[in-house]
Amino acid sequence: MTKTTMKLDAEYGQTLKKNEAFQVILKSEVAFEQPHPDVHVAKIPIASASWVNTSDGTVLVDTLLNPGTAKQMKTRLEETGGQVKTIIYTHHHGDHVGGGVIFEGDRPRVIAHRYLPENMEKYELLKIHRARLTAIQFNIPFDPARQRPFLPPTELFDHAMVFSQGDKTFELYHARAETDDATWVYVPEIQTALVGDLIISGLPNIGNPYKPTRFGLSWVRALEKVREKQPQLLIAHGGRAVYQGKDVRELLDITIEGIHSLLDQVFEAINNDIPVDEMIHQVQLPPHLIDHPYLKPIYSRTEFAVYNIYRWYHGYFDHNPAHLLPRPDRELNREIIALIDNREKILERAIALHKTGQTQLALQVLDILLKDAPEFPGARELHLALLETLCETDTCLMSRNTWIHFIEKDREILKERQ
Ligand SMILES: [Zn+2]
């Protein structure tokens, strides 16, 4: 077992075997922590939720993934003397709002940012697409009919909101970050910040190959505001949840420096007219941060962040006139194939590149052949072998599960041919 695998084991509770996907959705056992007498955290591998007890009932921040996990949380919450009067959603992602319905009978006040309802509507409009990408990203069955029970907000806020409940004050702040509807919460009496997915284990999820734009610049500014509060306890709702004392300051300092560095490098590259396919290989975290546990690429990775930051600020056109109004790939591919006039040669070259460790390049070269002749002898087998090589050393959840999705597809194709 490698060192990295050991660490991932600690983050997601899973030791990865060869060609095995991250399974962060299917586990339904909830773990609990109580980092402060009035603060409890409920954790599943992909997300957490927290509750703060006051002298007048409980404020619940997020609700876990689904009614099943939320039910376990409700039981513990009531066993520890809580009763939910208020729910705050940190953003619209399913692993934060999915368990809300379990608390419907308590008739809570439910608070969210004003953009949350529009994001929930998007889930409905793009149901099939969402089911497809969720199946790939999290290695779960494709099920567009999956029900998403949802307890809607009773109150929406815009920039900020403050309310008191019992002996505590809840300051809510909006941030454009992982989503456009992110909310973070500060409770001054106990110097506690609840930041939702502004922090996850490892590199923040600034880029996701399947999802809309994330907002790196306003994200880092939100983290700077969290730091100004000088919290002594910080609860994050992805991966490791609890940070206390001097860990909080270190976590914020490192994360803020890392995000700023990525942003600055992308800004410079855009100003220097560097194409994005070069940029993703040039931009890196500074050497002293690259192996820092707070920035490990275990969920997202720097290449995804670069694509995303670029996409936020840049149009599709890369200033190559051939790409302004291009003909479809398949037409260009056909021309290249006709010029080479030897499909076997492409296969041989892809094999040679694989042998010298240039696996990604081999995959792209082979793609020219596969697009033209998907059944060319040996091509699918090589495609599968390349994906397995890429997967083997990949410990980033999103890219690893993507390789695995296509590995499984290749295996099905080869099985059908037998
Ligand atoms: Zn999220």
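So, how was this worked out
- Residues numbered from 1 in each chain as written.
- Predicted model: local features only at pLDDT ≥ 70, side-chain atom pairs only at ≥ 80, totals over all residues.
- Heavy atoms only, no water.
- Helix = DSSP H or I, 4+ residues; strand = E, 2+ residues; numbered from the N terminus.
- Rg over C-alpha atoms; globule rule 2.2 N^0.38 Å.
- Contact = heavy atoms within 4.5 Å.
- Lys, Arg positive; Asp, Glu negative; His and termini not counted.
- Charge placed at Lys NZ, Arg CZ, Asp CG, Glu CD.
- 1 Å grid on protein atoms, 1.4 Å probe; cavity = no way out; pocket = protein on both sides within 12 Å on 5 of 7 lines; lining within 4 Å.
- Points joined across faces, edges and corners; volume = space filled by probe spheres on them.
- Nonpolar A, V, L, I, M, F, W, Y, C, P; charged D, E, K, R; others polar.
- Domains from an automatic or database assignment.
- Salt bridge = Lys/Arg side-chain N within 4 Å of Asp/Glu carboxyl O.
- Buried < 20%, exposed > 50% of the residue type's maximum accessible area, 1.4 Å probe, protein only.
- Donors = N, O, S within 2.8 Å, 3.2 Å for Na, K, Ca; no water.
- Tetrahedral: all angles 85-135°; square planar, octahedral: opposite > 155°, others 65-115°.
- Pairing = 2+ DSSP bridges.
- Axes fitted to C-alpha atoms, helices over the stretch in contact; angles between N-to-C directions.
- Polar contact = N/O pair within 3.5 Å; in protein donor to acceptor, adjacent residues only side chain to side chain.

Draft legend 1. Representation of the overall build of the protein chain. When helices and strands are counted, the protein chain shows 14 helices and 13 strands. At 23 Å, the protein chain has a C-alpha radius of gyration in line with the 22 Å of a compact globule built from 418 residues. Residue pairs at least 24 apart in sequence account for 65% of intrachain contacts in the protein chain once pairs closer than 6 positions are excluded. Across the protein chain, the mean location of the 47 positive side-chain charges is 2 Å away from that of the 57 negative side-chain charges.

Draft legend 2. A look at the layout of surface pockets. The volume enclosed by the largest pocket comes to roughly 1,300 Å³. In this structure, the largest pocket is lined by 32 residues; those nearest its centre are Ile280, Phe304, Tyr307, Gln360 and Trp403. Considering every element that reaches the lining of the largest pocket, the biggest residue donor is helix 14 (residues 397-417), with eight residues. Residues belonging to the lining of the largest pocket are distributed by class as follows: 14 nonpolar, eight polar and ten charged. Each of domain 1 (20-261) and domain 2 (327-417) contributes no fewer than three residues to the lining of the largest pocket. Roughly 980 Å³ of volume is contained in the second largest pocket.

Draft legend 3. Quick peek at the pattern of salt bridges. As enumerated under the stated definition, the model contains 24 salt bridges in all. Lysine 43 is the partner of glutamate 33 in a salt bridge, and the nearest nitrogen-oxygen pair spans 3.2 Å. Linking glutamate 33 in strand 1 (residues 31-36) with lysine 43 in strand 2 (residues 39-43), this pair joins segments that are ten residues apart in sequence. The exposure class of lysine 43 is partly exposed, given its relative accessible area of 22%. Lysine 229 serves as the salt-bridge partner of glutamate 171, at 2.8 Å between the closest nitrogen and oxygen. Taken as a pair, glutamate 171 in strand 9 (residues 168-175) and lysine 229 in the loop between helix 6 (216-228) and strand 12 (233-235) lie far apart in primary sequence, 58 residues in all. Here lysine 229 falls in the partly exposed class, since its relative accessible area comes to 27%. Salt bridges linked by common partners bring Asp38, Asp167 and Lys168 together as one network.

Draft legend 4. Looking closely at the coordination of the zinc ion. Donor atoms from the polypeptide that bind the zinc ion are His91 (NE2), His93 (ND1), Glu178 (OE) and Asp197 (OD), placed at 2.2 Å. Considering all four donor atoms around the zinc ion, angles at the metal cover 91 to 170° and the coordination shape is irregular. Donor residues binding the zinc ion come from one chain and are separated in sequence as H-x1-H-x84-E-x18-D. Remark: aspartate 197 occurs in the loop between strand 11 (192-194) and helix 6 and glutamate 178 occurs in the loop between strand 9 and strand 10 (182-187); sequence separation between them is 19 residues.

Draft legend 5. Representation of the sheet that holds strand 10. Taking strand neighbours across the sheet as the criterion, the six strands line up as 8-9-10-11-12-13 in an open arrangement whose pairing is mixed. Edge positions in the open sheet fall to strand 8 (160-165) and strand 13 (242-244), since each of these has one partner strand only. Averaged over all adjacent pairs, the angle separating strand axes in this sheet is 15°, with direction ignored. Most of the contacts of helix 6 go to strand 10, to which it runs at about 5°, and overall it touches strand 9, strand 10, strand 11 and strand 12.

Draft legend 6. Structural view of empty space enclosed by the protein. As enumerated under the stated definition, the model contains one cavity of 30 Å³ or more in all. One number sums up the size of the largest cavity: a volume of about 40 Å³. For the lining of the largest cavity, the class distribution of residues is four nonpolar, five polar and two charged.

Draft legend 7. Representation of the environment of leucine 285. One can find leucine 285 in the loop between helix 8 (276-282) and helix 9 (302-313). With relative accessibility at 7%, the residue leucine 285 sits in the buried group. C-alpha of leucine 285 to C-alpha of isoleucine 259: the two residues are 26 residues apart in sequence and 8.6 Å apart in space.

Draft legend 8. Here's a closer look at the domain arrangement of the protein chain. If you check the domain split of the protein chain, you get domain 1 (20-261) and domain 2 (327-417). The C-alpha centroid of domain 2 is placed 39 Å from the C-alpha centroid of domain 1. The interface formed by domain 1 and domain 2 contains zero salt bridges. Our enumeration of links across domain 1 and domain 2 arrives at four residue pairs in polar contact (both at pLDDT 80 or more).

Draft legend 9. The side chain of threonine 169, seen in detail. The residue threonine 169 is located in strand 9 in this model. Residue class for threonine 169 comes out buried when judged on its relative accessible area of 17%. What threonine 169 contacts, discounting residues up to four positions off in sequence, is Val162, Phe163, Ser164, Tyr186, Val187, Pro188 and Glu189.

Draft legend 10. Representation of the sheet that holds strand 3 (residues 48-54) in the model. Reading across from one edge, 1-2-3-4-5-6-7 is the order of the seven strands in this open sheet, with mixed pairing throughout. Bordering the open sheet on either side are strand 1 and strand 7 (155-157), each of which pairs with just one other strand. Shown here is a sheet whose adjacent strand axes are inclined to one another by a mean of 20°, direction ignored. Strand direction decides the pairing type here: strand 3 and strand 4 (residues 57-61), joined by five bridges, are antiparallel. Looking at the pairing, tryptophan 51 lines up with leucine 60 of strand 4. Strand contacts of helix 2 (residues 67-79): strand 1, strand 2, strand 3, strand 4 and strand 5 (84-88), with the helix running at about 25° to strand 3, the strand carrying the most contacts.

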